[in-house]
Amino acid sequence: MPKRVDHGERRSQIAEALIRVAGRRGLHAVGMRDVAAEAGVSLRLVQYYFETKEKLLFYGLQHLTDRFTARVGARLAAAGPDPGPRATIEALLLASLPTDEESRTFHLLYSSYSILSVTDEALAAQPFIDNPDAAENALAGLLEQAQASGLADPGVAARTEAISLLAMTATMGTSILVGQRTPESAVAVLRHHLDRIFTVAETPSNGAGPV
């Protein structure tokens, strides 16, 4: 009896191969033939599942986002059963800084895709992300929660601070990639700004923990 093929697993296998190759060579330099070789499958099989390079890249980005979500989840789990607003914000921001190989690949490919989508019509025709304001909304909500709990400065604008933190993290991530600063210095800058916003330190009893 022929072995039943798990198509979801096969697509994930190809997406993982894309991420590995693109992490080494850059997203712009990767072709479907390169991905097929990395995955140990035929070019025809890659084309069967994705048809075009643009569809492959888009699926690869979604797969990368799923990995990022799992990374954030692991950080939150390490912070305790009920992380406070600051611990949750730190988990979200620090997970996206390129401090190791996994996060370096995420930052590099996510940034590369966003740049390519500006000039590539086929990529631009696909939605970059389903909900582009999700991270901003999440951070703003957490800051408002902290303000309501007396943990954060009630005078700061939560939405503006959320936008600033995300922009700061993205910019410093790029500066780490190009060797302008160390991951440690970037983390220190982020925590400096969080110290300015959060006027009362969270304690282990309200869910905060090391990030």
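In what follows, the structure referred to is the one given above.
These lines cover the structure that appears in this document, whether it is placed above or below. What you are looking at is a predicted structure, and each value in this text was computed from that prediction instead of being measured. Residue positions are given per chain, counted from 1 along the sequence in the order it is written. In keeping with the model being predicted, local features are shown solely for residues with a pLDDT of at least 70 and side-chain atom pairs are shown and tallied solely at 80 or more, while totals for entire chains, interfaces and linings include all residues. With hydrogens and water excluded, all non-hydrogen atoms of the structure serve as input to the side-chain values.

Some points on the overall build of the chain
So the rule is basically this: Every helix listed is a DSSP run of H or I at least four residues long, and every strand listed is a run of E at least two residues long, numbered separately from the N terminus. Working definition: with a 1.4 Å probe on protein chains only, accessible area under 20% of the residue-type maximum means buried, over 50% means exposed, and in between means partly exposed. When checking whether two residues touch, look at their non-hydrogen atoms; a contact exists if any pair is within 4.5 Å. The accessible surface values rely on the Shrake-Rupley method and a 1.4 Å probe; as for residues, cover is taken only from the protein chains in view.
If you tally the helices and strands in the chain, you get 10 helices and 0 strands. For the chain, the succession of helices and strands along the chain, N to C, is α-α-α-α-α-α-α-α-α-α. When the backbone C-alpha atoms are referred to their principal axes, the chain occupies close to 60 × 45 × 30 Å. By the burial criterion, 40% of the 211 residues in the chain qualify as buried. A fraction of 67% describes how many contacts in the chain between residues 6 or more apart in sequence connect residues 24 or more apart. With the model as given, the accessible surface of the chain reaches about 11,200 Å², and the carbon-plus-sulfur share is 56%.

Examining the nonpolar core
Rule in force here: By nonpolar core we mean a set of buried residues, namely Ala, Val, Leu, Ile, Met, Phe, Trp, Tyr and Cys, connected to one another through side-chain atoms within 4.5 Å.
Ranked by size, the top nonpolar core spans 30 residues in total, and within it V46 and L56 carry the most contacts. Elements that contribute at least two residues to this core include exactly α1 (7-25), α2 (32-39), α3 (43-50), α4 (53-78) and α6 (101-119). Sequence-distant contacts of V46, that is, excluding residues within four places in its chain, are made with I14, M32, A36, V41, E51 and L56. Listed in part, the 24 residues of the second largest apolar core include I89, L139, A158 and F198.

With respect to the environment of A152
Inspection of the secondary structure puts A152 in the loop between α8 (134-148) and α9 (158-177). In this structure, the C-alpha to C-alpha distance between A152 and R196, residues 44 residues apart in sequence, is 8.6 Å. If we skip the residues at most four places from it in the chain, A152 touches L143, A146, Q147, I197, F198 and T199.

Things to note about helix α5 (residues 85-96)
We count it as follows: The span you would expect from a helix comes to 1.5 Å times its residue count less one.
Between its first and last C-alpha atoms α5 spans 17 Å; for 12 residues at 1.5 Å apiece the expected length is 16 Å, and the two agree. The element α5 is extensively covered by neighbouring structure, given that 11 of its 12 residues are classed as buried. Elements that come into contact with the buried residues of α5 comprise α4, α6, α8, α9 and α10 (183-197).

Notes on unusual backbone geometry
For E51, which is not glycine, the phi torsion reads 65° and is therefore positive. Position of E51 among the secondary structure elements: in the loop between α3 and α4.

Coordinates in, geometry out; function isn't part of it.
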